[in-house]
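Summary of structural features
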Amino acid sequence: MADLSATDPVVSASATRVFDQLGRILHGSSDDRSLSRVLQRVAEAAQQLVPELVDVSVTLVEGDWARTAVFTSQLASDLDERQYEVGSGPSTAASLAGSTVLVSTAEPSVSAYPDFARSAAERGVRYLLSVGLPVPQRTLGALNLYSAADRTFAPESVSLAEALAGYAAVAVANAALCQSAVAEARHMHEILRTRAVIEQARGILMGSRRCGPDEAFILLNRVSQQQDRRIRDVAADLVDRTQGPGTGAGAESWPGPA
């Protein structure tokens, strides 16, 4: 977290309260620490603490897809979307580089992002500060602070933004870990389902063909190769033939070799 000790005492006290609240949210109940909840609170905190701001948003980039996860008013959402449409802008640059990008819209023609600077200036935005979220994950992002002030962001405002970006990064990292855990659980569930249906099919073949477990598996594998189907699907088909209504000969009519 950025060192805020040099900032105005009132701002520091207010920032401390906000950071305490964010910390409690991140370590609170599952509802309170949902990604959208934390990111929205970070955006609102930035609007509360940084005096230059007119609007705040959070960009998330996953693969080739960028989106605005939260915003405090439509202005930020519109200007974010403009950047995504043209494929270039300070928000996406900060997200991908994990850096802090400051853009003035005073002279769009000489800006590194002329299209964005022109669009932002037309909406009354004079500066954009985008702070990349320090997250070593496949999901990247940035905290975007839009300002209509005559002067650029003060150093203490940049420090506050970077500190808040750290909290947003924790929320993104937590969400990524949660998604990974859910995906792993689903994968394990599918493995167990596959194993169960194969074992069930082996048992059917052992009873109908009077063979051992290894021979039953060889039969399943041979049919899988002949039909160019997954062995799980072949096993499920055999189980359905045997246990489903109106199965008739059941395993005896199964296309496996005798």
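Coordinates for the structure precede this section.
Below is a short write-up of the structure. (Residues numbered from 1 in each chain as written. Predicted model: local features only at pLDDT ≥ 70, side-chain atom pairs only at ≥ 80, totals over all residues. Heavy atoms only, no water.)

Judged by nonpolar contacts, the single largest core of 28 residues is most densely connected at V42, L53, L133, L143, L145 and F153. Those elements giving two or more residues to this core turn out to be α2 (35-49), β1 (53-62), β4 (127-132), β5 (139-147) and α6 (155-209). Here L145 is in contact with V50, L53, D55, Y127, L128, L129, F153 and A161, once residues within four sequence places are set aside. Counting 16 residues, the second largest nonpolar core, distinct from the first, contains L205, V223, V234 and A235. (Core = buried A, V, L, I, M, F, W, Y, C linked by side-chain atoms within 4.5 Å. Buried < 20%, exposed > 50% of the residue type's maximum accessible area, 1.4 Å probe, protein only. Helix = DSSP H or I, 4+ residues; strand = E, 2+ residues; numbered from the N terminus. Contact = heavy atoms within 4.5 Å.)

Moving on, we come to the pairing of β4. Burial of β4 is extensive: 6 of the 6 residues sit out of reach of the surface. Residues Y127, L129 and V131 line one face of β4 and the alternating positions L128, S130 and G132 line the opposite face, and both faces are buried.

Okay, the pairing of strand β3 (residues 100-104) next. Residues in a regular strand project their side chains so that they alternate between the two faces of the sheet. Residues V101 and V103 point to one face of β3 and are all buried, whereas T100, L102 and S104, pointing to the other face, are not buried. Where β3 and β4 come together, 5 bridges link them in antiparallel fashion. Bridging across to β4, T100 finds its partner in V131. (Pairing = 2+ DSSP bridges.)

Let us look at the pattern of salt bridges. A complete count under the given rule lists 7 salt bridges for this structure. Between D78 and R123 there is a salt bridge, and its shortest N-O distance comes to 3.4 Å. You can see D78 sitting in helix α3 (residues 74-86) and its partner R123 sitting in the loop between α5 (114-122) and β4, a full 45 residues away along the chain. (Salt bridge = Lys/Arg side-chain N within 4 Å of Asp/Glu carboxyl O.)

This part is about α3. Look at α3: 19 Å from first C-alpha to last across 13 residues, which is about the 18 Å you get at 1.5 Å a residue. Looking at α3, one finds that the buried residues are L75, A76, S77, L79, D80, Q83 and Y84. Among the residues trailing α3, G87 stands out with phi positive, at a value near 80 degrees. (Expected span 1.5 Å × (residues − 1).)

Time to look at the packing of aromatic side chains. Applying the stated criterion across every chain yields a total of 1 aromatic pair. Seen from their ring centres, F116 and Y146 are 6.4 Å apart, and the 50 degrees between their planes marks the pair as tilted. Linking F116 in helix α5 with Y146 in strand β5, this pair joins segments that are 30 residues apart in sequence. Exposure remark for Y146: the relative accessible area of 0% places this residue in the buried category. (Phe/Tyr/Trp six-rings, centres within 6.5 Å; stacked < 30°, edge-to-face > 60°.)

Even without a glycine there, the phi angle at D228 is positive, about 55 degrees. Within the secondary structure, D228 sits in the loop between α7 (213-227) and α8 (231-243).

Moving on, we come to the environment of Y167. Its place among the elements puts Y167 in helix α6. On the basis of relative accessible area, Y167 is assigned to the buried category, the value being 14%.

Remember, this is a structural readout, not a statement about activity or role.
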